[in-house]
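A structural walkthrough
Here are the chains, one letter per residue:
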Amino acid sequence: MKKRLTTIIMLFIVSLAAFNITAQAQKYALLDMEYILKNIPAYERANEQLSQVSKKWQAEVEALNTEAATLYRNYQNEIVFLSQEQKKARQEAIMQKEKEAADLKKKYFGPEGELFKKREALMTPIQDEIYNTVKEIAELRNYSLVIDRSSDNGIIYGSPKVDISNEVLQKLGYQ
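Let's talk about the packing of aromatic side chains
- With the rule as written, the count across this model stands at 2 aromatic pairs.
- Measuring from ring centre to ring centre gives 4.4 Å for Trp-57 and Tyr-108, while their planes differ by 5°; the resulting arrangement is stacked. Highlighted residues: Trp-57 in helix 3 (residues 41–78) and Tyr-108 in helix 4 (residues 84–109), separated in sequence by 51 residues. Note on accessibility: Trp-57 and Tyr-108 belong to one class, buried.
- Their ring planes at 80° and their centres at 6.3 Å tell us that Tyr-108 and Phe-109 sit as a pair that is edge-to-face.
- Note on Phe-109: relative accessible area 27%, which makes it partly exposed.
- Here the aromatic residues Trp-57, Tyr-108 and Phe-109 are joined through ring pairs into a cluster of three or more.

Here's what the structure looks like:
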């Protein structure tokens, strides 16, 4: 019994040592994606372009909503003077204008809308370039894991020694 317990303890110690050696063999790095993106002028230009186009499209949607609101106010002011046919026609016109506004909003800002497509077209090449650069550095240095320290993943401390953000920027051609 004593021999068996000793054997189990020895196996446990060997397993623990092997796990510790394996864990120490894993290399990792940190990067700050926010920092990297702030230092890439193309990203800032893309954000500005998206902001401008978004404001323009929002103004178009608001103009249609304003037209619908005006039609409704006019309808409310003149309702006593309108026949049933005229009331129905005005109500349909108001609903049509509201539908146009909703459709335009969906077209521009919906999940598969123009803004989504434009953001994807502008940002994907930048993100792909960053990803490929990070992957290249990780493979070159044998990193098993690269963690984004700017995301909310619970990193409390990260040594600057393992932060490769500046190296990524330099490899991308930015200082």
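Structural notes on the environment of Glu-114
- Tracing the sequence through the fold places Glu-114 in helix 5 (residues 114–141).
- In this structure Glu-114 comes out as partly exposed when scored by relative accessible area, which is 30%.
- With 57 residues separating them in the primary sequence, Glu-114 and Trp-57 have C-alpha atoms 9.6 Å apart.
- Leaving out residues up to four positions away in the same chain, Glu-114 has contacts with Trp-57, Lys-107 and Tyr-108.

Examining helix 5
- In a regular helix each residue adds 1.5 Å, so 28 residues correspond to 40 Å; helix 5 covers 40 Å between its end C-alpha atoms and thus fits that length.
- Taking the largest bend as the criterion, helix 5 deviates by roughly 35°, centred on Met-123, and proline Pro-125 comes between one and four positions later.
- Among the residues of helix 5, Leu-115, Met-123, Ile-126, Ile-130, Thr-133, Val-134, Ile-137 and Ala-138 are the ones counted as buried.
- Packed against the buried residues of helix 5 are strand 1 (28–31), helix 2 (33–38), helix 3, helix 4, strand 2 (145–148) and helix 6 (165–172).
- Following helix 5 by one or two positions, Asn-142 has its phi on the positive side, about 60°.

Definitions and limits used
Residues numbered from 1 in each chain as written. Predicted model: local features only at pLDDT ≥ 70, side-chain atom pairs only at ≥ 80, totals over all residues. Heavy atoms only, no water. Phe/Tyr/Trp six-rings, centres within 6.5 Å; stacked < 30°, edge-to-face > 60°. Helix = DSSP H or I, 4+ residues; strand = E, 2+ residues; numbered from the N terminus. Buried < 20%, exposed > 50% of the residue type's maximum accessible area, 1.4 Å probe, protein only. Contact = heavy atoms within 4.5 Å. Expected span 1.5 Å × (residues − 1). Bend = angle between axes of the 7 residues up to and from the residue.

All quantities given are derived from atomic positions and should not be read as evidence of function.
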